[in-house]
Amino acid sequence: MRTLVLGGIRSGKSEWAEQTIAASVPAGQPVRYLAAGQSDATDPDWVDRIAKHRGRRPAHWSTVETQDITTELRQSPATPTLVDDLGTWLTGTLDHHQAWEHGSVGAAVDEMLDAVGAFESTLVLVSPEVGLTVVPATASGRRFADELGSLNQRAAALCDQVVLVVAGQPLSIKPSGT
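Residues numbered from 1 in each chain as written. Predicted model: local features only at pLDDT ≥ 70, side-chain atom pairs only at ≥ 80, totals over all residues. Heavy atoms only, no water.

Asker: With reference to specific residues and values, describe the pairing of strand β5 (residues 123-128).
Answerer: Counting buried positions over the six residues of β5 gives six, a clear majority of the element. Along β5, one buried face is formed by Leu123, Leu125 and Ser127 and the opposite face, lined by Val124, Val126 and Pro128, is buried too. Of the strand pairs in this sheet, strand β1 (residues 2-7) and β5 are connected by six bridges, and their pairing is parallel. Across the sheet, the residue bridging to threonine 3 is valine 124, located in β5. As defined by bridge partners, strand β4 (residues 81-84) adjoins β5 across four bridges and the pair is classed as parallel. The residue of β5 that forms the bridge with aspartate 84 is valine 126. (Buried < 20%, exposed > 50% of the residue type's maximum accessible area, 1.4 Å probe, protein only. Helix = DSSP H or I, 4+ residues; strand = E, 2+ residues; numbered from the N terminus. Pairing = 2+ DSSP bridges.)

Asker: How would you explain the nonpolar core if you had to name every residue and give the values?
Answerer: Core analysis: the largest hydrophobic core is formed by 29 residues, its most contacted members being Leu4, Leu73 and Leu125. Apart from the residues within four sequence positions on either side, leucine 4 is in contact with Leu86, Leu125, Ser127, Asn152, Ala155, Ala156, Cys159, Gln161, Val162 and Val163. (Core = buried A, V, L, I, M, F, W, Y, C linked by side-chain atoms within 4.5 Å. Contact = heavy atoms within 4.5 Å.)

Asker: Please set out the pattern of salt bridges residue by residue, giving values where relevant.
Answerer: Taken as a whole, this structure holds three salt bridges when the rule is applied. The salt bridge partner of glutamate 72 is arginine 32, with a shortest N-O separation of 3.6 Å. You can see glutamate 72 sitting in helix α3 (residues 69-75) and its partner arginine 32 sitting in strand β2 (residues 32-35), a full 40 residues away along the chain. Linking arginine 154 and aspartate 110 is a salt bridge whose minimum nitrogen-to-oxygen distance equals 2.8 Å. Within this pair, whereas arginine 154 is found in helix α6 (residues 139-158), its partner aspartate 110 is found in helix α5 (residues 106-118), the two being separated by 44 residues in sequence. A relative accessible area of 36% means that arginine 154 is categorised as partly exposed. (Salt bridge = Lys/Arg side-chain N within 4 Å of Asp/Glu carboxyl O.)

Asker: How would you summarise the side chain of threonine 122 if you had to cite specific residues and measurements?
Answerer: Checked against the element boundaries, threonine 122 lands in the loop between α5 and β5. The buried category is assigned to threonine 122, whose relative accessible area is 17%. With residues near it in sequence (within four places) discarded, threonine 122 still touches Met1, Ile21, Ser24, Thr79, Pro80 and Thr81.

Asker: Could you give an account of the packing of aromatic side chains, with specific residues and numbers?
Answerer: The full count for this structure, using the stated rule, is one aromatic pair. Taking NZ or CZ as reference, arginine 57 lies 3.5 Å from the ring centre of tyrosine 33, over its face. (Phe/Tyr/Trp six-rings, centres within 6.5 Å; stacked < 30°, edge-to-face > 60°. Lys NZ or Arg CZ within 6 Å of the ring centre and 35° of its normal.)

Asker: I'd love a proper account of the pairing of β2, names of residues and values included.
Answerer: Going residue by residue along β2, you find Arg32 and Leu34 tucked away on one face and Tyr33 and Ala35 tucked away on the opposite face as well. Here four bridges tie β2 to strand β3 (residues 62-65), and the two strands are oriented parallel to one another. Considered in β3, the bridge of leucine 34 is made with valine 64. Inspection of the sheet shows β2 paired to β4 by four bridges, in the parallel sense. For alanine 35, the partnering residue across the bridge sits in β4 and is aspartate 84.

Given below as structure tokens:
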């Protein structure tokens, strides 16, 4: 089962995703949490957010802070995994490919989505929904919104279930089994 969880900033999407994957695996089964970004000790708010996320997760879950979500998905396709979040991954990918103004992240997106499609176990992907996040009125902001919108649409097509979380409340966009 693959689930895409969308929502705005501070909507509760990560917490809902954590509860969902925890409920979908037997108690005590390892779950891998792929955090698509790394902590920045110079940003106390970011450090606090990461600590709150970690504090919600069971001790037997492993956390991997990485920008290389594709490799991580391919290395352990049988381990239930939560990816949080695709927007942060996309930002890092745009940075890595120096593609904010020119260039392409198409190949990287294709590879990551291929890894999602080939994943063999429970997979929950968290992503900000376009228009429900802060996007500056700049060329790079528009580029991010365009790329994220495309990424979310393609990820949704690969997922069995898509949920929009608003004010902590899940709204089924694509119910499982449809």
